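Chain and residue survey
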Amino acid sequence: MDGNKDEAEKCIDIAQQAFNIGDRAKAERLLVKAERLYPTQRAKDLLTLLSKLGESESTAPTEATRKRKNSSPESEKTTESKSCGMEYTQEQLAAVKKIKSSKDYYEILNVKKDATDTDLKKAYRKLALQFHPDKNKAPGAGEAFKAIGNAFAILSDAEKRKQYDMYGSDAVNSSQRGHQNGHYEYTNGYSRGFESDMTAEELFNMFFGNTFPSSSVYRRGRTGRTTFYYSNSGAQQSGETAQDGNNVSVALQLLPVLFFILVTLLSSFFVSDPVYSLSRTQKYNVKRMTQELEVPYFVKETFTNDFQGNIKRLEGGIEEEYITNTRSECFKQRNYKEHMIWRARNFGDEHMLNQAKDMTLPSCEAMQQLRARTRHG
């Protein structure tokens, strides 16, 4: 409906122009169309005025009426459609609405939850070209394009994708409820509580090498929102040039990664394995417990023969690391729970509020157990 509101305002403005030159029939058609797109009091008042004027008006045809009769209905409808900014197809409008009504990032990109990086890239390439604002003029195409870029940026990042899979559903539900209550703003809703480090245009240029140069500008404000503008320049590069730019961009992006892998491989020859691990792995598969706080840790099968240091000092360091990690996780879990309770209250969702209140805090419970052991010990 927000996209239709702009179109309705355009129709009302053109209807007023038609009314001023005496073409009241055209003004009435445009006002009726505006009411269908997005009902407003302004359009209703103008229709009421036209109705009253029509009752008191003489039947003598005006100059504007004679001109209107001489023109074909088809050409007049085409002019009205263009004047109201209808520079898009119904298929494009339906596709934009589908993206904006999608429940999560996987639905936006139309991929399964086990999609690989290759699947994500293929889906992004197709959708980004389809919804770029320079190619798709439908209302809301800019927001849809941004949502597609943000979805790919989050799902292509392993850590952010993991966080989204854990907590994304509640964020999506609250975002959709905001829309149903009439307070939905897509500048916040597109991120579903998660936002990428790159703008949609930066990500697009990284893939396609500035296929649409200088057509869109994104700017991050202090509030965290991203404001976007479009200059509607028609300049486009050829597909071959875009592909060349893409290859160079990808090569430059891979250089730091390759350097990091090389350094890691070289360092592995000079750095010995750690003595223990806080989680069980194939190499560290022997479980032990610290004497003071009974913190579990894992060592190699050869630990008893290989370790020559002070076991008490080692376990003291293990307990300190465990407490630091657990305290940090407790803070994150409590912060997320409070955030979800606030969102539920803000949207007035009782069911979501109960779910948020019932969330468990395993790391905080672990900290309480550690404190109890310390007091009793």
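What comes next is a walk through the structure.

About the cut-offs
Residues numbered from 1 in each chain as written. Predicted model: local features only at pLDDT ≥ 70, side-chain atom pairs only at ≥ 80, totals over all residues. Heavy atoms only, no water. Core = buried A, V, L, I, M, F, W, Y, C linked by side-chain atoms within 4.5 Å. Buried < 20%, exposed > 50% of the residue type's maximum accessible area, 1.4 Å probe, protein only. Helix = DSSP H or I, 4+ residues; strand = E, 2+ residues; numbered from the N terminus. Contact = heavy atoms within 4.5 Å. Phe/Tyr/Trp six-rings, centres within 6.5 Å; stacked < 30°, edge-to-face > 60°. Expected span 1.5 Å × (residues − 1). Pairing = 2+ DSSP bridges. Patch = residues over 30% accessible without salt bridge, like charges linked within 9 Å, V, L, I, M, F, W, Y side chains within 5 Å. Areas by Shrake-Rupley, 256 points an atom, 1.4 Å probe, with all protein chains shown as cover. Salt bridge = Lys/Arg side-chain N within 4 Å of Asp/Glu carboxyl O. Lys, Arg positive; Asp, Glu negative; His and termini not counted. Charge placed at Lys NZ, Arg CZ, Asp CG, Glu CD. Disulfide = S-S within 2.5 Å.

1. Thoughts on the nonpolar core
Counting 28 residues, the largest nonpolar core has Leu109, Phe131 and Ile148 as the members making the most contacts within it. Here this core takes nine residues from helix 9 (residues 141–155), the largest share from any one element. Excluding its chain neighbours within four sequence positions, the residues that come into contact with Leu109 are Leu120, Ala123, Leu127, Ile148, Ala151, Phe152 and Leu155. Residues Ala18, Ala34, Leu37 and Leu50 belong to the second largest nonpolar core, which totals 14 residues.

2. Quick word on the packing of aromatic side chains
Throughout the structure, instances matching the rule amount to six aromatic pairs. Ring geometry for Tyr105 versus Tyr164: centroids 4.5 Å apart, planes at 25°, classification stacked. Taken as a pair, Tyr105 in helix 7 (residues 105–109) and Tyr164 in helix 10 (residues 158–180) lie far apart in primary sequence, 59 residues in all. Taken individually, Tyr105 and Tyr164 each receive the classification buried, so the pair is uniform in this respect. Cluster of aromatic residues (ring-pair linked, three or more members): Tyr105, Tyr106 and Tyr164.

3. Examining helix 2 (residues 24–37)
Compared with an ideal rise of 1.5 Å per residue, which puts 14 residues at 20 Å, helix 2 spans 20 Å between its outermost C-alpha atoms and is within 8% of the ideal. Those residues of helix 2 that fall on the buried side of the exposure criterion are Lys26, Ala27, Leu30, Leu31, Lys33, Ala34, Glu35 and Leu37.

4. A closer look at the pairing of strand 3 (residues 286–289)
In this structure, strand 3 lies alongside strand 4 (residues 296–299), joined through four bridges in antiparallel fashion. Considered in strand 4, the bridge of Val286 is made with Val299. Hairpin geometry of strand 3 and strand 4 is characterised by an intervening segment of six residues between the two adjacent antiparallel strands and by a positive phi of about 55° at Glu294.

5. Remarks on a positive patch on the surface
Together, Arg327, Arg334, Arg371 and Arg375 make up a region of like positive charge exposed at the surface. Looking at the secondary structure, you find Arg327 in helix 15 (residues 311–347). Judged by its relative accessible area of 48%, Arg327 falls in the partly exposed class.

6. Some thoughts on the state of the cysteines
What the rule picks out here adds up to one disulfide. One disulfide bridge connects Cys330 with Cys364, the sulfur atoms lying 2.0 Å from each other. One quick way to see it: the torsion about the S-S bond of Cys330 and Cys364 is about 100°, and its sign makes the bridge right-handed. You can see Cys330 sitting in helix 15 and its partner Cys364 sitting in helix 17 (residues 362–376), a full 34 residues away along the chain.

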